[in-house]
Amino acid sequence: MVSLAKRLDDIAPFYVMDILSKAKALEASGIDIIHLEVGEPDAADLPEVAKAGSDAILAGKTKYTASTGLFELKQKLSQYYAKYFDTQIKPERIIITPGASSGLMLALSLILDPKDTMLITQPGYPCNQHIIELLGSNHSSMPVDKTNQFTITKSLLQKYWPNNLKGLLIASPSNPTGTVLNNKQLELLSNHALKNDSQLIVDEIYQGLTYNNKNITALSHSDQIIVINSFSKFFSMTGWRIGWIVVPQHMIEAADKLAQNLYLSAPTPAQYAAIRALDDDCIEQFQTRAKAFKARRDYLLPQLRKLGFIIDQPCDGAFYIYADASKFTDNSMEFCKALLDATGVAITPGADFRGHNANQMVRIAYTCDIPRLKQAVKRLENYLLKR
Ligand SMILES: Cc1ncc(COP(=O)(O)O)c(C=O)c1O
């Protein structure tokens, strides 16, 4: 039997998948499960977007496109940045990818050599570290926690910026903390990276889902930043597997070459669906959905605090609340499993995201409507009171 590659030893599975499969098994046995564990918007596809995708299939638009994507989609994204973010991006700098997952792979492959070091935040999206490791490179962690409101500060940058750092990868809004960087912070990061000859990569996959801030993009600060984005979150199109990255001008050719080798092209019908999703009438509907997420956040946050979860950060982006459950547990995986068994409420243990006191943290995704969230709160309340 052929042995598996050694590099797999360093890649941890997602604990949330354990919770999800347990939740699905309970559901199959007839138990009512409230899913607050998976990072996926609950809304269905907009019918006009689904139609654009199926029209493309029926019209035979099912062959490869150019590796960097349909020019029409790049043009629409360029107009999107101009109209909604007041930022001019040439369509050529936009590379269409099969989701942000491939975007992350592409962006990191563009800059990392084996043994290079990339700085990431912890807690953070677990795949970042794994992709860096797959490329034979190293990661260094910058801890963000409740003492700094899960955000990046000048002193953190000074303390944790190693010598010869190749780049910094951050997400704003962040998974799992829901933290949003403001323009001043983005400018600080951009200048710091430029000064140190390092590449700043900003994952903006939750862009558009911000509740106290103006919608912003790191791209407005420098044309040297790489930005990752996707149609999975604001546009609720997870299964279409479609995203994009924006690269500095001098990386376009290399990105094209890499895209050819990594995935040839993003799914063609999904590219046509994405073109439709960027029309103003669709954007308006996505903005309405973002307002519904805000209402859910406004309901859930004080309720969780009342129950005894410690949440000091504002949670003003994405659809996550990263809560300190130290009042209830020192082992959040066991806590999540027991909670699921006893109440049918599924949430994610902090261990998935590493970082400070991960075993006391849980991530709660408000991907259900408010009546359902109310049921979840009631079940949590009964369970925690009985303990
Ligand atoms: C921060 C972050 N980046 C990237 C991704 C990957 O998203 P997708 O490949 O669906 O676009 C996710 C998914 O949850 C995420 O949370």
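Along each chain, numbering runs from 1 in the same order as the chain's sequence is written. Residue-level local features of this predicted model are given only where pLDDT is at least 70; pairs of side-chain atoms are given and counted only at 80 or more, and the full residue set underlies all totals for whole chains, interfaces and linings.

Focus: the overall build of the protein chain
Right, so step 1: Helix and strand assignments follow DSSP, with helices taken as H or I runs no shorter than four residues and strands as E runs no shorter than two, numbered in order from the N terminus. Check the secondary structure of the protein chain and you find twelve helices and twelve strands.
Right, so step 2: In this description the radius of gyration comes from C-alpha coordinates, and the expected globular size is given by 2.2 Å times residues to the power 0.38. Since a compact globule built from 387 residues should have a radius of gyration of about 21 Å, the 21 Å found for the protein chain is in line with a globular shape.
Right, so step 3: C-alpha extents for the protein chain along the principal axes are approximately 60 × 55 × 55 Å.
Right, so step 4: Whether a residue is buried, exposed or partly exposed follows from its count of other C-beta atoms within 10 Å of its own C-beta, namely 20 or more, 12 or fewer, or something in between, respectively; the C-beta atoms are built from the backbone. With 387 residues in all, the protein chain has 45% of them scored as buried.
Right, so step 5: Once C-beta atoms are placed from the backbone, any two residues with those atoms within 7 Å are in contact. Sequence separation of 24 or more characterises 73% of the internal contacts of the protein chain that already satisfy a separation of 6 or more.

A closer look at the domain arrangement of the protein chain
Right, so step 1: Parsing the protein chain into structural domains produces domain 1 (8–44 + 286–386) and domain 2 (47–282).
Right, so step 2: Of the residues lining the interface, 33 residues belong to domain 1; the matching set on domain 2 comes to 32 residues.
Right, so step 3: Contributing elements (two or more residues each) for the side of domain 1 that touches domain 2: α10 (280–307) and β9 (320–324).
Right, so step 4: With six residues, the top contributor of residues to the side of domain 1 that touches domain 2 is α10.
Right, so step 5: Each residue gets one of three labels, nonpolar for Ala, Val, Leu, Ile, Met, Phe, Trp, Tyr, Cys and Pro, charged for Asp, Glu, Lys and Arg, and polar for the others, Gly among them. Each residue belonging to the side of domain 1 that touches domain 2 can be placed in one class, and the counts come to 16 nonpolar, six polar and eleven charged. Segmentation of the chain into domains, including their bounds, is taken from an automatic or database domain assignment.

Quick look at the sheet that holds strand β6 (residues 199–203)
Right, so step 1: When DSSP finds two or more bridges between two strands, those strands count as paired. Pairing is mixed across the open sheet formed by seven strands, whose spatial order is β2-β8-β7-β6-β5-β3-β4. A single partner strand is all that each edge strand has here, and the edge strands are β2 (94–97) and β4 (138–143). If you compare each strand with its neighbour and ignore which way they point, the axes differ by 20 degrees on average.
Right, so step 2: Sheet topology note: the β6/strand β7 (residues 226–230) ladder contains three bridges and is parallel. Along β7, the bridge assignment pairs D203 with I228.
Right, so step 3: Every axis in this analysis is a line fitted to C-alpha atoms, fitted for helices over the stretch in contact. Angles between the N-to-C directions lie between 0 and 180 degrees. Where helix α4 (residues 99–111) meets the sheet, it contacts β2, β5 (167–171), β6, β7 and β8 (243–246), and its direction lies at approximately 165 degrees from that of β7.
Right, so step 4: Lying over the sheet, helix α5 (residues 126–134) contacts β3 (117–122), β4 and β5, oriented at roughly 165 degrees with respect to β3.

Considering the sheet that holds strand β11 (residues 348–349)
Right, so step 1: Strand order in the open sheet made by the three strands is β9-β12-β11, with antiparallel pairing throughout. Each end of this open sheet is capped by a strand with a single partner; those strands are β9 and β11.

Re the pairing of β6
Right, so step 1: Burial analysis of β6 places five of its five residues in the buried class, which makes it a mostly covered element.
Right, so step 2: As paired strands, β5 and β6 are joined by five bridges and run parallel to one another. Residue pairing across strands places G167 opposite Q199, the latter belonging to β6.

With respect to the environment of G136
Right, so step 1: Note that G136 resides in the loop between α5 and β4.
Right, so step 2: Taking the C-beta count within 10 Å as the criterion, G136 has 12 such neighbours and is therefore assigned exposed.
Right, so step 3: Considered as a pair, G136 and R276 are 140 residues apart in the sequence and their alpha carbons are 39 Å apart.

Some details on helix α11 (residues 332–343)
Right, so step 1: For α11, which comprises twelve residues, the first-to-last C-alpha distance of 16 Å matches the rise-based estimate of 16 Å (1.5 Å per residue) to within 8%.
Right, so step 2: At its buried positions, α11 is contacted by α1 (15–28), β10 (345–346), β11, β12 (361–365) and α12 (370–386).
Right, so step 3: Positive phi shows up at G344, right after α11, with a value of about 80 degrees. To estimate the expected span of a helix, subtract one from its residue number and multiply by 1.5 Å.

Focus on the site of the ligand
Right, so step 1: Put plainly, near means the residue's C-beta atom, positioned from the backbone, lies within 6 Å of the molecule or strand in question. Taken together, 13 residues lie near the ligand, and G99, A100, S101, S230 and S232 sit nearest.
Right, so step 2: Among the residues making up the shell around the ligand, the classes are represented as four nonpolar, eight polar and one charged.

Observations regarding the pairing of β8
Right, so step 1: Side-chain alternation along β8 places G243 and I245 on one buried face and W244 and V246 on a second face that is also buried.
Right, so step 2: Relative to β8, β2 runs antiparallel, the two being bridged by four bridges. Paired with T97 across the bridge in β8 is G243.
Right, so step 3: With four bridges connecting them, β7 and β8 associate as antiparallel partners. Opposite I228, over in β8, you have I245 as the bridge partner.

A short note on unusual backbone geometry
Backbone geometry follows two general trends: most residues other than glycine have a negative phi, and most peptide bonds adopt the trans configuration.
Right, so step 1: A cis amide bond links Q122 to the next residue, P123, at an omega of 5 degrees.
Right, so step 2: Looking at where P123 falls in the secondary structure, it is placed in the loop between β3 and α5.
Right, so step 3: Residues S172 and P173 are joined by a peptide bond in cis, for which omega reads -10 degrees.
Right, so step 4: Of note, P173 is situated in the loop between β5 and α7 (183–195).
Right, so step 5: Even without being a glycine, R354 presents a positive backbone phi close to 55 degrees.

A look at the nonpolar core
Right, so step 1: We call a set of buried Ala, Val, Leu, Ile, Met, Phe, Trp, Tyr and Cys residues a nonpolar core when their C-beta atoms link them within 7 Å. Ranked by internal contacts, the top residues of the largest apolar core, which has 107 residues, are I245, I321 and I364.
Right, so step 2: At eight residues, α4 tops the list of elements feeding residues into this core.
Right, so step 3: Composition of this core by domain shows at least three residues from each of domain 1 (8–44 + 286–386) and domain 2 (47–282).

With respect to the packing of α10 against α12
Right, so step 1: Closest axis-to-axis distance for the α10/α12 pair is 11 Å, and the angle between their directions is 5 degrees. The angle between the axes of α10 and α12 places the two elements in the roughly parallel class. Where α10 abuts α12, its residues A295, R296, Y299, L300, Q303 and L307 lie against I370, L373, V377, L380, E381 and L384. Any angle between 65 and 115 degrees counts as roughly perpendicular, while under 35 counts as roughly parallel, over 145 as roughly antiparallel, and the rest as oblique.

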